[in-house]
Amino acid sequence: MPSLFEVSAGKLTGPTTGGTVTQASNKSTGVTLNTESGQITMNGAALGAGAEVSFTVTNSKISSTDVVLVNHSSGGTAGAYMAQANLIADGSFKISVTNLTSGSESEAIVLSFVAFKGASS
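Here is a short report on the structure shown in this document. (Residues numbered from 1 in each chain as written. Predicted model: local features only at pLDDT ≥ 70, side-chain atom pairs only at ≥ 80, totals over all residues. Heavy atoms only, no water.)

### Topic: the overall build of the chain
The secondary structure content of the chain amounts to zero helices and 10 strands. Going residue by residue from the N terminus, the α and β elements of the chain occur as β-β-β-β-β-β-β-β-β-β. The contacts of the chain with a sequence gap of at least 6 include a subset with a gap of at least 24, amounting to 65%. (Helix = DSSP H or I, 4+ residues; strand = E, 2+ residues; numbered from the N terminus. Contact = heavy atoms within 4.5 Å.)

### Comments concerning the sheet that holds strand S9 (residues 92–99)
Judged by pairing direction, the sheet is mixed, and its four strands sit side by side in the order S4-S6-S9-S8 without closing on themselves. Of all strands in the sheet, those bounded by a partner on one side alone are strand S4 (31–32) and strand S8 (81–89). Relative to S9, strand S6 (residues 52–58) runs antiparallel, the two being bridged by seven bridges. Across the sheet, the residue bridging to Thr 58 is Ser 92, located in S9. (Pairing = 2+ DSSP bridges.)

### So, unusual backbone geometry
The phi dihedral of Leu 87 is positive, around 50°, even though this residue is not glycine. By secondary structure assignment, the location of Leu 87 is in strand S8.

### As for the environment of Ala 83
Among the structural elements, Ala 83 can be located in strand S8. By relative accessible area, Ala 83 is classed as buried at 17%. Sequence separation between Ala 83 and Val 70 is 13 residues; the distance between their C-alpha atoms is 6.3 Å. Dropping the residues within four chain positions of it, Ala 83 is found in contact with Val 70, Ser 96, Val 97 and Leu 111. (Buried < 20%, exposed > 50% of the residue type's maximum accessible area, 1.4 Å probe, protein only.)

### Here's the deal with the nonpolar core
By size, the foremost hydrophobic cluster in this structure holds 23 residues, and its most contacted members are Ile 40, Phe 55, Phe 93, Ile 95, Val 97 and Leu 111. Looking at this core, the elements that each hand over two or more residues are S6, strand S7 (67–74), S8, S9 and strand S10 (110–116). (Core = buried A, V, L, I, M, F, W, Y, C linked by side-chain atoms within 4.5 Å.)

### Some points on the sheet that holds S10
The sheet built from four strands is open, its strands ordered S3-S5-S10-S7 with mixed pairing. Because the sheet does not close on itself, it has two edges, and the strands there are strand S3 (18–22) and S7. Strand after strand, the sheet turns through a mean of 20° between neighbouring axes, direction not considered. Taken together, the five bridges between strand S5 (residues 37–41) and S10 define a ladder with antiparallel strand orientation. Across the sheet, residue Gly 38 finds its bridge partner in S10, namely Phe 113. (Axes fitted to C-alpha atoms, helices over the stretch in contact; angles between N-to-C directions.)

Rendered as structure tokens:
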């Protein structure tokens, strides 16, 4: 199995596959993206003040021992959302997004994620 990171001439290189996908019908709609990193454009449906929504990312590159990091990378109001990956299993993970504002937001935000390979048992 190749190393997750390679260091060459002082440069750190991470996952080599990436992709994009857009949610179809609402913010809780699951998506499929079989890459080690990528961008997910969420549906522009409303997310109420202080509300949280979760959706499943089906991804054949993910193992239960991996660590998945996700953040709000573009689109929408900067600082208005908190995103986290959780419930990581073989073949999928969940992303939860919370509206941190005091008002409803209807923005198609873009989330970026990367999977760091964990130790196998």
